[in-house]
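Fold and geometry: a report
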Amino acid sequence: MLTPRTQRIKDGLFAHPRQISLERALLYRESYLQTEGEPPVMRRARAFAHLLENHRIVLDGDDLLAGNRTPTPRAGVLSPEMSPYWIMDELDQFPVRPQDTFEMSEQDKRTYREVLYPFWAGRSLNDWYRAHRPADVADAEAERVFAVAQTDKGQGHIIADIPEVLDRGLGALLADVSARRDARPGNDFLRASALCVEALIAYVRRYEAVVRAAAEGRATEDAHADVALPSTPERAAELARLADVLAHVATEPCRDLYDALQLTWLVCVALQHESNASSISLGRMDQYLLPYWRASVAAGTSEAEVRELLQCFYLKTNTVVFVRSTESARFFAGFPTGYNLVVGGVDAKGDDASNELSELLLDLQRDTRLPQPNLSVRLHAGTPDALLHKAAEVVRLGDGLPQCFNDEVNVESFVRRGVNLPDARDYAVVGCVELSIPGRMYGLHDICMFNMMRCLELAMTAHPEGFASYEDLEAEVARTIDHYVALMVRGCNVCDEAHRETSPTPLLSTLVHDSLERGADITAGGARYNPSGVQGVGTANLADSLYAVKKAVFEEGALSWGELLAMLARDWSGPGDEVWRQRLVNRYAKYGNDVDEVDQIGRRFLAHYGQEVEKYENPRGGHFQPGSYTVSAHIPLGAAVGATPDGRRAGEQLADGGLSPMVGRDKNGPTASLLSVSKLENVRDTNGSLLNVKFSPSTLEGEAGLARLMAYLRSFCRLGIQHIQFNVVDRATLIDAQEHPEDHRDLVVRVAGYSAMFVELARAIQDDIINRTEHELG
Amino acid sequence: METSPGQGAGPTATVTNVQRFSLHDGGGIRTVVFLKGCPFRCPWCCNPENLSPEPEVSLRERLCIRCSPRPGGAPCATAPEDCPTGAKELLGRARAVDDLVAEVARDRAFFEESGGGVTVSGGECLLRQDFLCAFLEACRAAGIPTAVETTLALPLADPARLVAACDVLLVDFKIADRARSLAVTGIDPDVRDANLRAVLALGARVVARMPVIPGFTDDEACVAANAERIAELGVGRVDVLPFHQLGEGKYDSLGRAYDLRGVPQLSDADVAGVVARCEAAGLRAVARGE
């Protein structure tokens, strides 16, 4: 349960409509006006410092933790230095666009048009990218086979070495950085790094000063601070304690949980101020918070106090959202800000690493019931039943958290890529499902999604004459993939260089090994590990489509190549087309039903895609590596593809997740779908992959339900699948299933006695299940 | 969807469905194999597709796209194998033991992690005891735990063989009064009880199953008689199964009459009294089973 305090904080998150904030953009411009001619890394550091000195800091009458990114929670921070263009185009769209709306004042719109846009047009990251992007890459992007991401926003998708900051303290870090700077006087990165750490220390002290003044009932001298004066002596004492914490963590190592959470959050806020990017994630919090939690418990901090402090931290992670362009918001709908927090897993020796905090950090979801932090649990053969049980309990809440990751495959996946074994065993998760090594990897994990279904479509339409054999068709699809992969990696590398040339992140780099040793920003190859992660999307639809063509056209001869192309071109609108479409949907096996022949097509193509991308290097000395996830991109990626032989209509979504079967096509239940996914070469997808599984709430009912889910997760571990997350189905889905049964053939429901496919039930019983489910969800 | 032909070694049986991820039929995550054919006629049967031993055609109207004209509501002329949507299906296909074991074994990981296995149901699977025992033995040989769901009300050809191949027998207790049971369902409780004594004497593990059907098995006398009988036979556990309407749609698809249409379903709370009565008889009673 939330406490009255944390309930008020939570209510405050949603009390006002989300606003667009120009504060950062204006301060950035102010600084850039002063730094013309300096190297980009220094300009970025100075702009960062200017922001930390001058942005409005606020503390309400309740919070136990200080640190705000924007004056009001969940405001959208625009970054015209990344790209001024989409913002200009969409100024009037923010309040009315289909996804992720924000309010924006007319005054701010004017300021943007008259001040910010003219300043950044022609000098943004996006300008650099477009100026250096080869024409054939631009053409391929226009073909909608892929779209390079992070060409108009910060890179993010990384985990800083927070544990080291907590352990050493910012003072020691500054001493280290300063010594390195002095030893290498010509090194701009080290100059920038020292400047950033100094700015961060000053930032913590800025908070301390305003909190101290409030605690003492004085007006603050800070011109840009808004701290609620204490209304009670108790609140004054809280603020005094908070000021002490801030004074300590400004330079010293953390002593207890309060110190650790406060410093962690301020580092998170500072990193957001620097990058304004999605998915600067938290890493293995149960591991690095443990000593501080123990110290607090030993010093007599009660369980309730610990819980409230952690609730405050969890709520803080929901104050930051990331404003995207309308197009980007289709791919990443609903603010996946990516405060990914990992618990469990193995330690450096391979033994179970879970501890008292692992369960507690999961259990807090029952209190907060919010999307952030994005809880992840690492599972392995030796995961204790108690932790698995807790994970199952939280999954059953229906929030889709925690998601589960599988050490049994993910550690090996990293080792195969040359990551040393202890580092591999320390992996964590950035953003949604991207696997990364905390504090040691700059992985461009979300640099591109690659639409394999567009490749199928292009390969088919380029050959109206057809193919001599099914094998020839497969080979042509593979060649098309190869062609576009080569273009994709060039686009990604230009984007990579654009960040290096225009948008270094010296504070973030300071917290990622081995940037200080190398004297190089992470954008210039400072990190120990430097992959670029590109997602192969469309496995399920590709397998389904090719299998149907193989059978209907090449083996049965029931359908000619020309007829097929004609039906696809007219999107099944001709007479009799719907009968064929239904036949293709229903009478040929589909990926996700544990049918080897079709599953193996999926395996071949996802592996082929992976082998192809692995051939390429990036400018940081790293290699490309495949992943397979979509977040919400299966909707827009599907919109880019015409009708396909799996019976998909033009523009219809692709399979969700990345590894999931096409929606409604897996009819053999959740064990069969898991087995289908296990046939993919999952160890290859080092960048991370995503599997959605859907259960009705009643399937997980009671202790027996939890036991089933635990068994299902143990099986998932054994089967070597990288990731799984659960949707526990709600009323709206059931109603939609009633209206569109063809889209929900995989929906398993349980009522009284055994499980049944929802669409096979009579209307009356469906109504009953819908009503009962609503009752259950209360 | 096309499927592999049911070829393989050993005897064959007509199977309507291999239902994976079944959760209340013998413990853990299970795969249930439904054999077609039943000599009994319980009016509340929720698997009407398994009554006739012969393959039969089912038509789910809601999935039909009228691919062929049906003037004046004429019946669909499309053969099941040509139906584009799967609305029309031929239910029941001959399956050989080996072929079926291979399909069931696919979920081995889930069985092992959950304590599940295979359950043979029907219909009345004792109609095909030769197949049943051969299949159970083959599953056993493949390391898959086995269960059978049955009325146990047919003569047993080889009780020792059945018991040896089956980890748990789920045995129905429906209408307790013999005359009424014979009249309504055709089940002779005396035959069941004699069989039950025989298999228990051979060391069988048995769980009783008591469906609570309004107007048929929910009266106090019936519940009490069943509970006492289960206890007297030495079966320690009973699953109390609340009446549900999951079979209603199947009657429509098969064009069969269904007398319990509109009868309200029962919840766990509705059968709490039955559970309590069973517990009073000294049984371990679980609503819906584990």
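Refer to the structure above for everything that follows.
The rules behind each value
- Residues numbered from 1 in each chain as written.
- Chains lettered and ligands numbered in written order.
- Predicted model: local features only at pLDDT ≥ 70, side-chain atom pairs only at ≥ 80, totals over all residues.
- Heavy atoms only, no water.
- Helix = DSSP H or I, 4+ residues; strand = E, 2+ residues; numbered from the N terminus.
- Rg over C-alpha atoms; globule rule 2.2 N^0.38 Å.
- Buried < 20%, exposed > 50% of the residue type's maximum accessible area, 1.4 Å probe, protein only.
- Contact = heavy atoms within 4.5 Å.
- Areas by Shrake-Rupley, 256 points an atom, 1.4 Å probe, with all protein chains shown as cover.
- Lys, Arg positive; Asp, Glu negative; His and termini not counted.
- Charge placed at Lys NZ, Arg CZ, Asp CG, Glu CD.
- Pairing = 2+ DSSP bridges.
- Axes fitted to C-alpha atoms, helices over the stretch in contact; angles between N-to-C directions.
- Phe/Tyr/Trp six-rings, centres within 6.5 Å; stacked < 30°, edge-to-face > 60°.
- Lys NZ or Arg CZ within 6 Å of the ring centre and 35° of its normal.
- Salt bridge = Lys/Arg side-chain N within 4 Å of Asp/Glu carboxyl O.
- Parallel < 35°, antiparallel > 145°, perpendicular 65-115°, else oblique.
- Nonpolar A, V, L, I, M, F, W, Y, C, P; charged D, E, K, R; others polar.

With respect to the overall build of chain A
The number of helices and strands found in chain A is 34 helices and 20 strands. Radius of gyration (C-alpha) of chain A: 26 Å, near the 28 Å computed for a compact globule of 778 residues. Along the three orthogonal principal directions, the C-alpha set of chain A runs to about 85 × 60 × 55 Å. Relative to its full complement of 778 residues, chain A shows a buried share of 66%. Long-range contacts, defined as pairs at least 24 residues apart, comprise 78% of the intrachain contacts of chain A with a sequence gap of at least 6. Per element, the accessible surface of chain A, about 24,700 Å² overall, is 50% carbon and sulfur. Where the 81 positive side-chain charges of chain A centre and where its 111 negative ones centre are 0 Å apart.

Topic: the sheet that holds strand E15 (residues 532-537) of chain A
Across a sheet, paired strands are connected by hydrogen bonds in the backbone, their directions being either parallel or antiparallel. Residue and element names in this part refer to chain A. Across the sheet, which stays open at both edges, the four strands sit in the order E4-E14-E15-E16 with mixed pairing between neighbours. At either end of the open sheet lies a strand with only one pairing partner, and these are strand E4 (146-148) and strand E16 (624-627). Going across the sheet, the axis of each strand differs from the next one's by a mean of 25°, ignoring polarity. Here four bridges tie E15 to E16, and the two strands are oriented parallel to one another. Directly across from Ser532, in E16, lies its bridge partner Phe624.

What about the packing of aromatic side chains?
Applying the stated criterion across every chain yields a total of 21 aromatic pairs over all chains. Their ring planes at 90° and their centres at 5.5 Å tell us that Phe467 of chain A and Trp561 of chain A sit as a pair that is edge-to-face. In this pair, Phe467 of chain A sits in the loop between helix H22 (452-461) and helix H23 (470-502) while Trp561 of chain A sits in helix H27 (residues 561-569), placing the two residues 94 residues apart along the sequence. Each ring, one from Phe695 of chain A and one from Phe726 of chain A, has its centre 5.7 Å from the other, and the planes form 20°; the classification is stacked. Here Phe695 of chain A, found in strand E17 (residues 692-695), pairs with Phe726 of chain A, found in strand E18 (residues 723-728); they are 31 residues apart in sequence, far enough to count as distant. Residue Phe726 of chain A is classed as buried on the basis of its relative accessible area, which comes to 2%. Here a set of aromatic residues connected by ring pairs shows up, and it is made of Phe695, Tyr712 and Phe726 of chain A together with Phe21 and Phe110 of chain B. The ring centre of Phe119 of chain A lies 5.5 Å from the NZ or CZ of Arg29 of chain A, which sits over that ring.

Observations concerning the pattern of salt bridges
Residues and elements named next belong to chain A. In this structure the tally under the stated criterion is 95 salt bridges over all chains. Residue Arg649 is joined to Glu578 by a salt bridge in which the shortest nitrogen-to-oxygen separation is 3.6 Å. On the criterion of sequence distance, the pair formed by Arg649 in the loop between helix H30 (634-639) and helix H31 (669-678) and Glu578 in helix H28 (residues 577-586) is long-range, its members being 71 residues apart. Here Asp596 makes a salt bridge to Lys679, at a shortest N to O gap of 2.6 Å. Remark: Lys679 occurs in the loop between H31 and E17 and Asp596 occurs in helix H29 (residues 596-614); sequence separation between them is 83 residues. Residue Asp596 is classed as partly exposed on the basis of its relative accessible area of 35%. Several salt bridges share partner residues, and in doing so they unite Arg284, Asp423, Asp426, Arg440, Asp514, Arg518 and Arg528 into one network.

Topic: the packing of helix H1 (residues 4-13) of chain A against helix H15 (residues 303-316) of chain A
Residues and elements named next belong to chain A. It is at 10 Å that the axes of H1 and H15 come closest, and there the two elements cross at 5°. With respect to H15, the element H1 is oriented roughly parallel. Residue-level contacts link Arg5, Thr6, Ile9, Lys10 and Leu13 of H1 to Glu308, Gln311, Cys312 and Leu315 of H15. For the contact of H1 with H15, the residue count by class is four nonpolar, two polar and three charged.

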